[in-house]
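# Coordinate analysis (summary)
Each chain, letter by letter, is given below.
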Amino acid sequence: MHKQWAAVDDYIAGLFPSDPVLDAVLRATRDAGMPQINVSPVQGRLLHVLALACNARNILEIGTLAGYSAIWMARALPADGKLISLEFDPKHADVARANIARAGLADRVDVRLGTALDILPQLAAEGAGPFDLIFIDADKINLTTYFDWAVRLARPGSLIVVDNVIRGGDVLDAASDDAGLQGVRRFNEAIAADPRVTATILQMVGSKGHDGLALAVVRG
């Protein structure tokens, strides 16, 4: 079944023109020996469409990796738009900055190095935001805390997107001793009960297997 999911993803991606810049990002990720956990091309295009639908001028990303998703979203920004992306690993941040510069987006994307739990309060203190779109694709243990900061840094109508919330269906296992999985379960329960947002969770299949996205619109 996974082969068919991947084949359909390839079919969808093949309907659109190839993108040498984004292909180069994927090669750079492999060449750097980084984990191949970036969003798929189809998911990247979804983030791009969501950014356009939000008329996003200010985007926050928690979890940069090699900059693949950041490039997809930043391409939807106007010339004076800004995307701030947070990355814990110095090597990942260096690769991402090089990829973003190669994509001609260094003036719109600011990759900040450090732990998100340290940087998010700093963003609030410096008056960054409000962010129109926030994409969370980072460690799952702290997912609920990241989401809480995202709501604080948003405005009514902002869209928050959270990746990897189904985990191949393992999210059904309430007895799991996997700390990351339990972090996802806590988050899913929290977002469903959070009065600050209107949210849903979508399971998805494709070249990345079986997983899902949470989408939340911040309420007034």
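A brief look at the structure comes next. Note that the coordinates shown come from a computational prediction; the quantities given were computed from them, not determined experimentally.

Assignment of secondary structure puts Gly-212 in strand 7 (residues 209–218). Relative accessible area serves as the criterion here: at 2%, Gly-212 is assigned to the buried category. Note: C-alpha distance between Gly-212 and Ile-100 (112 residues apart in sequence) is 26 Å.

Right, let's get into the nonpolar core. Core analysis: the biggest nonpolar cluster contains 34 residues, and Leu-60, Leu-120, Ile-136, Phe-147 and Ile-160 have the highest contact counts within it. For this core, the secondary structure elements donating two or more residues are strand 1 (58–62), strand 2 (82–87), helix 6 (116–125), strand 4 (133–136), helix 7 (143–152), strand 5 (159–163), helix 8 (179–193) and strand 7. In terms of residues, this core owes the most to one element, helix 7, which gives 6 residues. Discounting chain neighbours no more than four positions away, the residues touching Phe-147 are Ile-136, Ile-160, Val-162, Phe-187, Ile-191, Asp-194, Val-197 and Ala-216.

Attention now goes to the side chain of His-92. Mapped onto the elements, His-92 comes out in helix 5 (residues 90–102). Residue His-92 is classed as buried on the basis of its relative accessible area of 14%. Apart from residues no more than four positions distant in its own chain, His-92 is found in contact with Met-34, Pro-35, Leu-65 and Glu-87.

Here the idea is simple: oppositely charged side chains can pair when their charged atoms come close. Enumeration over the complete set of coordinates arrives at 11 salt bridges. Two residues, Asp-132 and Arg-155, come together in a salt bridge whose shortest N-O distance is 2.9 Å. Taken together, the positions of Asp-132 in the loop between helix 6 and strand 4 and Arg-155 in the loop between helix 7 and strand 5 put the pair 23 residues apart, joining distant regions of the chain. The partner of Asp-148 in a salt bridge is Arg-196, with the nearest N and O atoms 2.9 Å apart. With Asp-148 in helix 7 and Arg-196 in the loop between helix 8 and strand 6 (197–206), the pair connects residues that are 48 residues apart, well separated along the chain.

A word on the packing of helix 7 against helix 8. The interhelical angle for the contact between helix 7 and helix 8, taken along N-to-C directions, is 35 degrees, at an axis separation of 8 Å. Here Leu-143, Thr-144 and Phe-147 of helix 7 lie close against helix 8, whose contacting residues are Gly-183, Val-184, Arg-186, Phe-187, Ala-190 and Ile-191. Broken down by class, the residue content of the contact of helix 7 with helix 8 amounts to 6 nonpolar, 2 polar and 1 charged.

Taking strand neighbours across the sheet as the criterion, the 7 strands line up as 3-2-1-4-5-7-6 in an open arrangement whose pairing is mixed. Unpaired on one side and paired on the other, strand 3 (109–113) and strand 6 mark the two borders of the sheet. When the angles between neighbouring strand axes are averaged without regard to direction, this sheet yields 15 degrees. By the bridge criterion, 5 bridges tie strand 2 to strand 3 in an arrangement that is parallel. Residue pairing for strand 3: Ser-85 is matched across the bridge by Val-111. Running over the sheet, helix 6 touches strand 1, strand 2 and strand 3 and is turned about 150 degrees from strand 2. On top of the sheet, helix 8 reaches strand 5, strand 6 and strand 7; it is set at about 140 degrees to strand 6, its chief contact.

What counts and what doesn't
Residues numbered from 1 in each chain as written. Predicted model: local features only at pLDDT ≥ 70, side-chain atom pairs only at ≥ 80, totals over all residues. Heavy atoms only, no water. Helix = DSSP H or I, 4+ residues; strand = E, 2+ residues; numbered from the N terminus. Buried < 20%, exposed > 50% of the residue type's maximum accessible area, 1.4 Å probe, protein only. Core = buried A, V, L, I, M, F, W, Y, C linked by side-chain atoms within 4.5 Å. Contact = heavy atoms within 4.5 Å. Salt bridge = Lys/Arg side-chain N within 4 Å of Asp/Glu carboxyl O. Axes fitted to C-alpha atoms, helices over the stretch in contact; angles between N-to-C directions. Nonpolar A, V, L, I, M, F, W, Y, C, P; charged D, E, K, R; others polar. Pairing = 2+ DSSP bridges.

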